[in-house]
Amino acid sequence: MAKPLHFGAAFLYGRAGAPCLDFIENEAEVLSMACFTEELRRTADPIFTAIFAHPFVRGIAEGTLAKEQLIHYVKQDFEYLNAFIRVYGIAISKCEHRDAMALFNEQISFILDSETHPHQNFCDVAGVTYEELQGFSLAPSANHYVNHMLTVAHEGTREDIVAALLPCPWTYTEIGRRLLEEVKPEPSHPFYEWMHFYGDRESGITMQLRRLLDEWAEPLPAAHKQRLAEHFVTSCQLEYMFWDMAYKLEDWPAPVTEAEAVRA
Ligand SMILES: Cc1ncc(CN)c(N)n1
């Protein structure tokens, strides 16, 4: 059985939101000064490492993904991003100030207007149109991820929501950056655009959400910080499962085709 997450005193009582000072050499001191989100990242490091090594991510690097895998990913991610937009909407309804409202609003526009590009890249390589991959039902792992985000959004505070959303841009930023560094893709690489989209762009939103969470988490009691960490780690695990779902063409054990027909 999975063990409950436990975080050290530095994590629970450290100066979340304090500047991350590079020049401090003593590790204990670094820990006690660490930003809350830096500590989250450290806790989730084994999951990030597993994601970088996942065969779907390796397949982007090597340009070896099968058409069916790309199609399955885009079908699922289109619906996942629709849910992400809804969660930002709920987050806006829980904000007190316009700065955070504006940030979430910008992110909704980013998903609607720009995050179509990496999907289009996958569609072009698979030889299908984007439109024909829209409106499909969620596979088990994508369903789990969407339900996790929506449950946190409905039941939690604004801080809970940001903790659950943050792994989405954060993992993709790091994947994109690593792939750009490792592959140094030529424009002829099939996933040149995908790597540049995430490697060049998403770090901005990751940093903005991190700053917000560092600031909002600082005054919270330890038990609430622990809950934020659990939301964050669960979303990181579900990021891994999403890649795995796409790679293995995951579906329900006994798909019911009539259900699709009723939806259509
Ligand atoms: C499942 C998932 N996670 C993250 C991202 C990057 N925004 C995405 N498009 N899809």
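Residues numbered from 1 in each chain as written. Predicted model: local features only at pLDDT ≥ 70, side-chain atom pairs only at ≥ 80, totals over all residues. Heavy atoms only, no water.

(A) Here's a closer look at the site of the ligand. Of all residues adjacent to the ligand, which total 11 residues, the nearest are Asp77, Glu115, Cys168, Tyr172 and Glu239. Taking tyrosine 172, its side chain carries an N or O atom lying 3.3 Å from a nitrogen atom of the ligand. A distance of 2.8 Å separates a nitrogen atom of the ligand from a polar atom in the side chain of glutamate 239. In the complex, 99% of the free accessible area of the ligand, which totals 290 Å², lies under the protein chains. Of all the cavities here, the one that holds the ligand is the second largest cavity. Counting only elements with at least two residues in the shell around the ligand, the list comes to α6 (67-93), α11 (167-183) and α14 (222-247). Element by element, the count of residues in the shell around the ligand is highest for α6, at four residues. (Near = heavy atom within 4 Å. Polar contact = N/O pair within 3.5 Å; in protein donor to acceptor, adjacent residues only side chain to side chain. Areas by Shrake-Rupley, 256 points an atom, 1.4 Å probe, with all protein chains shown as cover. 1 Å grid on protein atoms, 1.4 Å probe; cavity = no way out; pocket = protein on both sides within 12 Å on 5 of 7 lines; lining within 4 Å. Sits in = over half its atoms within 2 Å of the grid points. Helix = DSSP H or I, 4+ residues; strand = E, 2+ residues; numbered from the N terminus.)

(B) Fine view of empty space enclosed by the protein. As enumerated under the stated definition, the model contains three cavities of 30 Å³ or more in all. Quantified by volume, the second largest cavity comes out at close to 70 Å³. As for the second largest cavity, its lining consists of 12 residues, of which Asp77, Tyr80, Cys168, Tyr172 and Glu239 are closest to the centre. Sorting the residues of the lining of the second largest cavity by element identifies α6, α11 and α14 as the ones contributing at least two each. Top contributing element to the lining of the second largest cavity by residue count: α6, with four residues. Grouping the constituent residues of the lining of the second largest cavity by class yields eight nonpolar, no polar and four charged. (Points joined across faces, edges and corners; volume = space filled by probe spheres on them. Nonpolar A, V, L, I, M, F, W, Y, C, P; charged D, E, K, R; others polar.)

(C) The arrangement of the pattern of salt bridges in detail. Taken as a whole, this structure holds eight salt bridges when the rule is applied. The residue glutamate 182 makes a salt bridge to arginine 58 at a minimum N-O spacing of 2.6 Å. Of the two residues, glutamate 182 is situated in helix α11 and arginine 58 in helix α5 (residues 55-62); the sequence distance between them amounts to 124 residues. The exposure class assigned to glutamate 182 is partly exposed, which follows from its relative accessible area of 47%. For arginine 158, the salt bridge is made with glutamate 159, and the minimal N-O distance between the two is 3.0 Å. The burial state of arginine 158 is the same as that of glutamate 159; both residues are buried. Through salt bridges with shared partners, one network takes in Arg41, Asp45 and Glu174. (Salt bridge = Lys/Arg side-chain N within 4 Å of Asp/Glu carboxyl O. Buried < 20%, exposed > 50% of the residue type's maximum accessible area, 1.4 Å probe, protein only.)

(D) Spatial organisation of the state of the cysteines. Inspection of the entire model under this criterion finds zero disulfides. Distance from the sulfur of cysteine 123, which forms no disulfide, to the nearest cysteine sulfur (cysteine 168) is 18 Å. Take cysteine 123: its relative accessible area is 1%, and that puts it in the buried class. (Disulfide = S-S within 2.5 Å.)

(E) Examining the confidence of the model for the protein more closely. Of all residues in the protein, 84% have pLDDT values of 70 or greater, and the mean over the chain is 89. When the criterion is pLDDT under 50, residues 8-33 qualifies, and its contacts beyond four places in sequence or with other chains add up to 37 contacts. Of the two predicted TM-score estimates for the complex, the pTM is 0.88 and the ipTM is 0.99. (pLDDT = per-residue confidence, 0-100. Contact = heavy atoms within 4.5 Å.)

(F) Seen up close, unusual backbone geometry. Even without glycine at this site, lysine 184 takes up a positive phi of about 45 degrees. Here lysine 184 shows up in the loop between α11 and α12 (192-201). Phi angles above zero are rare outside glycine, and leucine 249 is one such case at about 55 degrees.

(G) Focus on the nonpolar core. Counting 79 residues, the largest nonpolar core has Ile60, Phe104, Trp194 and Trp243 as its most contacted members. If you tally residues by element for this core, the top one is α6, at 14 residues. (Core = buried A, V, L, I, M, F, W, Y, C linked by side-chain atoms within 4.5 Å.)

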